[in-house]
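What follows is the residue order along each chain.
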Amino acid sequence: MFNFEITSLGNLFFGLTLIVFGSLIFIKRENIMLLILLFISLATIFYANDLITLFIGWEIMSWSSYFIIAQNAKPKTMQKYIIFNLGAGFALLGAIVLIYTFAGTPIYSDIYFNKVPMELRMPIYILLFITIFIKSGILPFHHWVVDTY
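Residues numbered from 1 in each chain as written. Predicted model: local features only at pLDDT ≥ 70, side-chain atom pairs only at ≥ 80, totals over all residues. Heavy atoms only, no water.

### Remarks on the packing of helix 1 (residues 8-28) against helix 2 (residues 32-47)
At their nearest, the axes of helix 1 and helix 2 sit 9 Å apart, and the two run at 175 degrees to each other. Judged by the inter-axis angle, helix 1 sits roughly antiparallel to helix 2. Each of Gly-10, Asn-11, Phe-13, Phe-14, Thr-17, Leu-18, Phe-21, Leu-24 and Ile-25 in helix 1 lies in contact with helix 2, whose residues at this interface are Ile-32, Leu-35, Ile-36, Leu-38, Phe-39, Leu-42, Ala-43, Phe-46 and Tyr-47. In terms of residue class, the contact of helix 1 with helix 2 is made up of 15 nonpolar, three polar and no charged. (Axes fitted to C-alpha atoms, helices over the stretch in contact; angles between N-to-C directions. Helix = DSSP H or I, 4+ residues; strand = E, 2+ residues; numbered from the N terminus. Parallel < 35°, antiparallel > 145°, perpendicular 65-115°, else oblique. Contact = heavy atoms within 4.5 Å. Nonpolar A, V, L, I, M, F, W, Y, C, P; charged D, E, K, R; others polar.)

### Remarks on the nonpolar core
Core analysis: the biggest nonpolar cluster contains 19 residues, and Phe-21, Met-61 and Ile-99 have the highest contact counts within it. Residue assignment for this core shows that the elements contributing at least two residues are helix 2, helix 3 (51-70) and helix 4 (75-103). Once you skip the residues sitting within four places of it in the chain, Phe-21 turns out to touch Leu-35, Leu-38, Phe-39 and Leu-42. Membership of the second largest hydrophobic core comes to seven residues, among which are Tyr-66, Ala-88, Ile-134 and Trp-144. (Core = buried A, V, L, I, M, F, W, Y, C linked by side-chain atoms within 4.5 Å. Buried < 20%, exposed > 50% of the residue type's maximum accessible area, 1.4 Å probe, protein only.)

### Notes on the packing of aromatic side chains
Within the structure shown, the criterion is met by nine aromatic pairs. Ring centres of Trp-63 and Phe-67 lie 6.4 Å apart, and the angle between their planes is 40 degrees; this geometry places the pair in the tilted category. Taken together, the residues Trp-63 and Phe-67, both in helix 3 and four residues apart, mark about one turn of the helix. Since its relative accessible area comes to 39%, Trp-63 is described here as partly exposed. A relative accessible area of 44% places Phe-67 in the partly exposed class. Pairwise contacts between aromatic rings join Phe-14, Phe-21, Phe-39 and Tyr-47 into one cluster. (Phe/Tyr/Trp six-rings, centres within 6.5 Å; stacked < 30°, edge-to-face > 60°.)

### Details of unusual backbone geometry
Between Leu-139 and the following residue, Pro-140, the backbone shows a cis peptide bond with an omega angle of 0 degrees. As for its position among the elements, Pro-140 is in the loop between helix 5 (118-136) and helix 6 (143-148).

### What about helix 2?
Counted at 1.5 Å a residue, the expected span for helix 2 with its 16 residues is 22 Å, and the 22 Å between its end C-alpha atoms agrees. Where the residues of helix 2 are buried, they touch helix 1 and helix 3. (Expected span 1.5 Å × (residues − 1).)

### Observations regarding the environment of Ala-91
Examined against the element boundaries, Ala-91 turns out to sit in helix 4. Along the chain, Ala-91 and Gly-15 lie 76 residues apart, while their C-alpha atoms are 28 Å from each other.

### Topic: helix 5
Compared with the 27 Å implied by 1.5 Å per residue over 19 residues, the 28 Å span of helix 5 between its first and last C-alpha is a close match. Taken together, the buried positions of helix 5 are Arg-121, Ile-124, Thr-131, Ile-134 and Lys-135. Buried-residue contacts for helix 5 involve helix 3, helix 4 and helix 6. With its phi angle positive at about 75 degrees, Gly-137 sits one or two positions after the end of helix 5.

### Here's the deal with the environment of Leu-18
By secondary structure assignment, the location of Leu-18 is in helix 1. The partly exposed category is assigned to Leu-18, whose relative accessible area is 47%. It is 30 Å that separates the C-alpha atoms of Leu-18 and Asp-110, two residues lying 92 residues apart in sequence.

Structural data, given as structure tokens:
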């Protein structure tokens, strides 16, 4: 079910994440299990070799982040977080469905965008940008970040 591939880019991001999370665990010494779950989800995203594994890692990352943030946040803040991140999850799922429908496979190396009709490439790009912009808190999808941090 899960399909992973170790790449040099994945190793770079994994190493950087390991440094950050190692220092967080050393400094905070609380919520260690949630931080480890978040770290595992990020490693899943970095080494995913197919769209299904990427989506599962993305959702685990979103939910583990939710539980970390929920420990010190107000209910209104958590509602914003859930609404925006559900939007990001559905946008990612929509892009994956469109890619899979026309490419015929979820595996990265077997996806050829030449099989995807030109008029559907732009919606795929838009859905992927919405996903990344929401999770990164980039304008105009930044409203959840202000209260959260």
